[in-house]
Amino acid sequence: ANVPIIHPQDPVLRIGSNLTASCWVHPDLGIHASSLYWTLNGQQLPSSLYRVLSPTNLSVTLAALSASRQTSGDNLVCHNHKGHILAGSCLYVGMPPEKPVNLTCWSKNTKDLTCSWAPGGRGETNISTKYKLKYKLRWYGTEKECKDNTHTLPYSCSITQDLHLFTPYEIWVEASNQLGKAKSDVITVDILEVVTTDPPSGVMVSRVGQLEDQLSVRWEAPPALKDFLFRAKYQIRYRLEENQEWKVMDDVGNQTSCRLAGLRPGTVYFVQVRCNPVGIYGSRKAGIWSEWTHPTAASTPHSERLMSGSCDSKSSGDSNSTLRRELKQFFGWVRKHAYGCSSMSMKLYDQWRVLMQKSHKTRNQVLQGDKS
């Protein structure tokens, strides 16, 4: 065949290396090598880089190659004097992969095990690089490769079959391209310690009667874990409508309701809840926090002080208004002593009554002392 040839064809080279390529044309074509020229990615290369090796062979030498512009390679092309393409070669210029880093894994509702990682070094090898997530059961398993790369998350893979909940896994990532290989550190993962779940469902935020500084928050456990979740930890965060700063409540524990106290009257608040599965199948460790729920909005009642001066039409008002006054004082006291998820129990109320009675007694004794 009289087809012109470039040698080497499609070489893979390290960044910074040198390359000498030659374009050979068949003598029958009647083309002299000195009439040829070279282009790289469409740009003509200066003739100072050429060398006529023979009447049918022209070389070009490229020094200190920089990285390929794209993983599909750079186009080195040999042309005749009229500009027609005679032959071409792709140059793949890059680096061997570095050790992959930041390997972390989590399990959504114990139904899978997903791991993600980051390429090592600066991350970009500039040539096609394959990553494989490998795993085996810690004490006796055979090495397997994760096949599900359908993730939208780059550098991640999900193991979805034959999951062992009670045996730890050893997991690592292998990176390879035509210039070399690299392997991440091996991590040990116990699925029950890396469970995450959907956010809680059915979040409701409502007023607590006419209490102007409180809101009640209720929610339900994540549906997927209802069957086997022994306990769950919840966290609430809330913020004012016009403020981007969230206040986080850590002490919610495993209850599915909470009362927010010490809020601003007549104000819209956004509230979110998230869940951490704890004690799945007796595991001692907490899992991984879920995403936050979508914000739920509610407003506190306007301050009652604006209503003062309105007439109480109920004639039985005396005992009612005493009780109302007492309750108001009580909630004022609670506000000072119990921020966050205040468990408004009768115990607290009793505690307060005892305090009140003591202070009344003291006041009466002082008054009697004055009279004598």
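The structure reproduced in this document is the subject of the present report. Here the residue numbers are simple positions, counted from 1 along each chain's written sequence. Note on the predicted model: pLDDT of at least 70 is required for a residue's local features to be given, and 80 or more for side-chain atom pairs to be given and counted; whole-chain, interface and lining totals, by contrast, use all residues. Water and hydrogen atoms play no part in the side-chain values, which are based on all heavy atoms of the structure.

It is worth spelling out the overall build of the protein chain at this point. Segments assigned H or I by DSSP are reported as helices when at least four residues long, segments assigned E as strands when at least two residues long, and all are numbered from the N terminus. Broken down by element type, the protein chain carries two helices and 25 strands. Buried residues in the protein chain amount to 42% of all 372 residues. Within the protein chain, residue pairs in contact and separated by at least 24 positions form 64% of the contacts whose partners lie at least 6 positions apart. Surface accessibility follows the Shrake-Rupley procedure with a 1.4 Å probe radius. Residue values consider only the protein chains on display as shielding. Accessible surface for the protein chain amounts to roughly 21,800 Å². Of this, 50% is attributable to carbon and sulfur atoms. Residue exposure (1.4 Å probe, protein chains only): buried if accessible area is under 20% of the type maximum, exposed if over 50%, otherwise partly exposed. Only heavy atoms matter for contacts: two residues are in contact if any of them lie within 4.5 Å across the pair.

Counting rule for disulfides: a pair of cysteine sulfur atoms within 2.5 Å. Considering all chains together, one arrives at three disulfides under this definition. The disulfide partner of C23 is C78, and the S-S distance across this bridge is 2.1 Å. Between C23 and C78, the S-S dihedral sits near -80 degrees, and the bridge is therefore left-handed. In this pair, C23 is assigned in strand 3 (residues 19-24) and C78 in strand 8 (residues 74-79), connecting sequence segments 55 residues apart. Accessibility expressed as a relative area gives 0% for C23, which makes it buried. C78 gets classed as buried once you look at its relative accessible area, which sits at 0%.

What follows concerns the pairing of strand 8. A large share of strand 8 lies buried, amounting to five of its six residues. By the convention used here, strands pair only if DSSP detects at least 2 bridges between them. Examined bridge by bridge, strand 4 (residues 37-40) and strand 8 share four bridges and lie antiparallel to one another. Counted as the bridge partner of L40 is L76 from strand 8. Bridge count for strand 8 against strand 9 (residues 85-94) is six bridges, and the pairing is antiparallel.

Here the focus is unusual backbone geometry. Cis geometry marks the peptide bond from H7 to P8, where omega comes out at -5 degrees. Topologically, P8 is positioned in the loop between strand 1 (5-7) and strand 2 (12-14). The phi angle at D10 is positive, at roughly 50 degrees, despite the residue not being glycine. For D10, the position within the fold is in the loop between strand 1 and strand 2.

Centres within 6.5 Å make a pair out of two Phe, Tyr or Trp rings, where for Trp the six-membered ring is used; the pair is then stacked when the planes are under 30 degrees apart, edge-to-face when over 60, and tilted otherwise. With the rule as written, the count across this model stands at five aromatic pairs. Here the aromatic rings of Y131 and Y155 are separated by 5.2 Å at their centres, their planes lie at 80 degrees, and the arrangement is edge-to-face. Pair noted here: Y131 is in strand 12 (residues 130-137) and Y155 is in the loop between strand 13 (144-145) and strand 14 (156-159), with a separation of 24 residues, a long-range link. By relative accessible area, which is 17% here, Y131 ends up buried. Under the relative-accessibility criterion, Y155 is labelled partly exposed at 35%. Charge-over-ring contacts are defined here by two conditions on Lys NZ or Arg CZ: a distance within 6 Å of the ring centre and an angle within 35 degrees of the ring normal. Over the ring of W172 we find K183, and its NZ or CZ is 5.2 Å from the ring centre. A cation over a ring is seen here: R239 above W246, with NZ or CZ 4.9 Å from the ring centre.

Attention now goes to the sheet that holds strand 1. Sheet architecture is open: four strands sit in the order 1-3-7-6, paired in antiparallel fashion. Of all strands in the sheet, those bounded by a partner on one side alone are strand 1 and strand 6 (50-54). Within this sheet the neighbouring strands show an average axis-to-axis angle of 25 degrees, counted without direction. Looking at chain direction, strand 6 and strand 7 (residues 57-62) are connected through four bridges and run antiparallel. Opposite S54, over in strand 7, you have N57 as the bridge partner. For helices, the axis comes from a line fit to the C-alpha atoms of the stretch in contact; other axes are also lines fit to C-alpha atoms, and the angle between any two N-to-C directions lies between 0 and 180 degrees.

We now examine the pairing of strand 10 (residues 101-108). By the bridge criterion, four bridges tie strand 10 to strand 11 (residues 113-118) in an arrangement that is antiparallel. Within strand 11, the position partnered with T104 by the bridge is S116. Between strand 10 and the antiparallel strand that follows it, strand 11, lie four residues; N109 among them carries a positive phi value of about 55 degrees. Pairing of strand 10 with strand 18 (residues 195-196) involves two bridges; the strand directions are parallel. What sits directly across from S107, in strand 18, is V195.

Here we take up the environment of W117. Checked against the element boundaries, W117 lands in strand 11. Separated by 56 residues in sequence, W117 and V173 place their C-alpha atoms 8.0 Å apart. Ignoring sequence-local partners within four residues, the contact set of W117 consists of P100, V101, N102, L103, Y131, L133, Y155, S156, C157 and V173.

For side chains bearing opposite charge, pairing can occur when the charged atoms are close. By definition, a salt bridge exists where a carboxyl oxygen of Asp or Glu is found within 4 Å of a side-chain nitrogen of Lys or Arg. Within the structure shown, the criterion is met by seven salt bridges. Across the pair K108 and D198 runs a salt bridge, and its minimum N-O distance is 3.2 Å. Note that K108 is positioned in strand 10 and D198 in the loop between strand 18 and strand 19 (201-207), a separation of 90 residues in sequence. By sharing partners, the salt bridges in this structure join K134, E143 and E174 into a single network.

Turning our attention to the environment of S107. Within the fold, S107 resides in strand 10. A residue is classified by how much of its surface remains accessible, and S107, at 0% relative accessible area, is buried. Apart from residues no more than four positions distant in its own chain, S107 is found in contact with D112, L113, I191, V194, V195 and T196.

On to the sheet that holds strand 23 (residues 257-260). Spatially, 19-20-23 is the arrangement adopted by the three strands of the open sheet, whose pairing is antiparallel. If you trace the sheet from one side to the other, it starts and ends with strand 19 and strand 23, each paired once. Sheet twist, expressed as the mean angle between neighbouring strand axes with direction ignored, is 15 degrees. When strand 20 (residues 215-220) meets strand 23, the two strands line up antiparallel, connected through four bridges.

Function cannot be read off these values alone, since they describe shape.
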